[in-house]
Structure formats: C-alpha cells, structure tokens
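Structural overview for review
Letter by letter, the chains look like this.
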Amino acid sequence: MSAYIYPFRELLPSGSDTHRSGPRRSDRIRDGISFEHIEALWRFDRKLRLVCLDAIETVETGLRSRLAYVLGLRDHLGHVHRESLDADACSRPVGPGGRHRDQDAFEHWLTKYEALEYEARNEDYVVHHKRKYDGHMPIWIAVEFFDFGALSRLFALLKKHDQNAIAKDVGVRGGPLLAAWLRDVNYIRNLCAHHSRFWNRQPTYKPGKFNPAQVGSPLVHAAQMEPRHKIYVHLAVLGYLVRGLDPRENWPLTLRTLVKKFPSVPHVSPERDMGFPRGWSDLPLWTMKAA
C-alpha cells in the first residue's frame, strides 16, 4: 500500500530538496486521511488497470490481423526476411548494454521470434503446420503466438509504406507515429499486467506532441496539450486506437464512467494527478457512442 500512501504525505517546506516530479514529501500523513481513503484509491487503480487491459486486448487483436494482411500480401515470410522489412530500421544497433549488444534490431527481433515460436511448439496449429510443411510459419499463422511486445517490435521494422497502410486503416496519418504509440501501449500493458500502480504514474515513455492533422477530430485536443508526463494522453491515445480498430467498441465510454467515479479523497483528483484536462468528460472522444 505504500505507493498509495505517498500522495497523502505532507509536503516538505518550500526550498527543500526536490526531484523531477516535484517537491519531496515527509513521512507524516496529512491530517484527515484514513485507511479507507487509501483503500479506495487502491481499488480505483485496480479497476483502471483491468479496464486498460481490456482496451489493449482490442488493440492487440486488431493489430495482429492488419499486420499479417499487409505484410503477408507481399511476402508470407516477411517477418523473417530482412529484405522485406525496412533496411534502416533493421540495421539499428540494439543498445550499448545487455546480452544482445552485438545484434542489430533485425537480429534481435529474430531472436525474440524464435523464442516465441519455441514456446508455442505444442500449440495444435503449430504442430499441424510443422507436420505438413517445412520451414518458418507464414505471418498470418505466426502472429497468433506474438505477444504485444513482439507485435510492436515487428511493426517498428516494417517498411514505411506498410506502416502507413496500417496506420491509415486506424485513423492515423503516419506509420512512425503509430509505431511510437504502440511502444507506449506495450509499456502500459506491462504495468497493468504486473499489477503496478498506474493511476498517477509518470510513465517512462512520455508521448511526444504530434501534428493535429495526423489524427481524427476526437484526438485533436491531445496533440499539443500539456502536461504530457501524466497518463491522460496515453489513455486518450488508447481510446482513439480502440475506436479505430473496432468502431463497435464502447471502451472510451467505459473509461469515462470509471474516472467520473474517482473516489472522493482529499488532495487528489484525475485532473491534478492524472493530467485530465478541465471539461474532459464532455470531449467527443469520451462521449461518442460506438457505430
């Protein structure tokens, strides 16, 4: 519960040591705070994580089918053929540290892919394909055992025209923007799946500003808005992607209902701690019903 107690600690006097998220707090809990307040915040956070996982499931399944179609149209083994992917993206170094430091991005991807294929070796559809055919599985089969991290990593390696084709289909103008968002969604997915505090987190990946012309009207308000170090922009992007991938999905309304029930707790609020803008609940993104 310590992560949920921290917002209720008294602020240290002005001029004391600070860090990137603002003034430090003392060990003393503010007057008027009870265990029930802390528990209510924890319960809200748990519901928020579960709701976000529902949205990410929609994004994941929708992305699987679109990626498999676009890449498979040119090369059914495009996911393991370097020449079918973007040369510059594939040749980028993975990073200076870690066990994969000698690999480029494509080699790192291939290592990830082979591990996932091995983990899925006992799945019926994998066994069937291995018995009937030799070699790697085509992309439309392989995506079935991809996790979200693998999907986002492969999307980042696609040729730009393939990225753009998928992005256009979900209402985003520009594949690189969608690639950045998928990285962010994968980060959110990991937080939620591992039961980490989420409601007031300052994410590692701060969503960059984008051109309002790159998105449809429901997301225009988030293009240049501040702050961007809190989770509202991430949630807005997630809601926009859900609707783009499945117009019948009412997830934005579900999130709106949950956040409007934010517990009545002193010193915290969605606007202050989550970055929700004033009047957010009346914005088209959160009020428009599914098709």
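Structure shown above.
Conventions and cut-offs
- Residues numbered from 1 in each chain as written.
- Predicted model: local features only at pLDDT ≥ 70, side-chain atom pairs only at ≥ 80, totals over all residues.
- Heavy atoms only, no water.
- Helix = DSSP H or I, 4+ residues; strand = E, 2+ residues; numbered from the N terminus.
- Buried < 20%, exposed > 50% of the residue type's maximum accessible area, 1.4 Å probe, protein only.
- Polar contact = N/O pair within 3.5 Å; in protein donor to acceptor, adjacent residues only side chain to side chain.
- Contact = heavy atoms within 4.5 Å.
- Axes fitted to C-alpha atoms, helices over the stretch in contact; angles between N-to-C directions.
- Parallel < 35°, antiparallel > 145°, perpendicular 65-115°, else oblique.
- Left-handed = near helix turned anticlockwise from the far one by under 90°.
- Nonpolar A, V, L, I, M, F, W, Y, C, P; charged D, E, K, R; others polar.
- Core = buried A, V, L, I, M, F, W, Y, C linked by side-chain atoms within 4.5 Å.

Among the secondary structure elements, R64 is positioned in helix α2 (residues 35–74). A residue is classified by how much of its surface remains accessible, and R64, at 17% relative accessible area, is buried. At 3.3 Å, the side chain of R64 forms a polar contact with the backbone oxygen of V143. Setting aside chain neighbours within four positions, we find R64 in contact with V143, E144, F146 and L151.

Checked against the element boundaries, D45 lands in helix α2. From its side chain, D45 meets the backbone nitrogen of W199 in a polar contact 2.8 Å long.

Before going further, it helps to examine the packing of α2 against helix α9 (residues 175–193). In contact at an axis separation of 10 Å, α2 and α9 are set at 135 degrees when each is read in the N-to-C sense. Between α2 and α9, the angle falls in the class oblique. α9 is crossed by α2, and the crossing has left-handed handedness. Residues R49, C52, L53, I56, V59 and L63 of α2 lie in contact with α9, whose contacting residues are L182, V185, I188, R189, L191, C192 and A193. Partitioning the contact of α2 with α9 into residue classes produces 11 nonpolar, no polar and two charged.

As a further point, take the packing of α9 against helix α10 (residues 232–245). Direction vectors running N to C along α9 and α10 enclose 110 degrees, while the axes themselves pass 11 Å from each other. By the angle class used here, α9 and α10 are roughly perpendicular. Like other packed secondary-structure pairs, α9 and α10 cross with a definite hand, here left-handed. Where α9 approaches α10, its residues L178, W181, D184, V185 and I188 are matched on the opposing element by H234, V237, L238, Y240 and L241. The residue makeup of the contact of α9 with α10, split by class, is eight nonpolar, one polar and one charged.

So, about the nonpolar core. Soluble globular proteins tend to pack their nonpolar side chains together in the buried interior. Among the nonpolar cores identified, the biggest contains 88 residues, and L48, F146, W181 and L219 are the most heavily contacted of them. Looking at this core element by element, the count peaks at 14 residues for α2. Apart from residues no more than four positions distant in its own chain, F146 is found in contact with E60, R64, H79, W109, Y113, L116, I139, L151 and L154.

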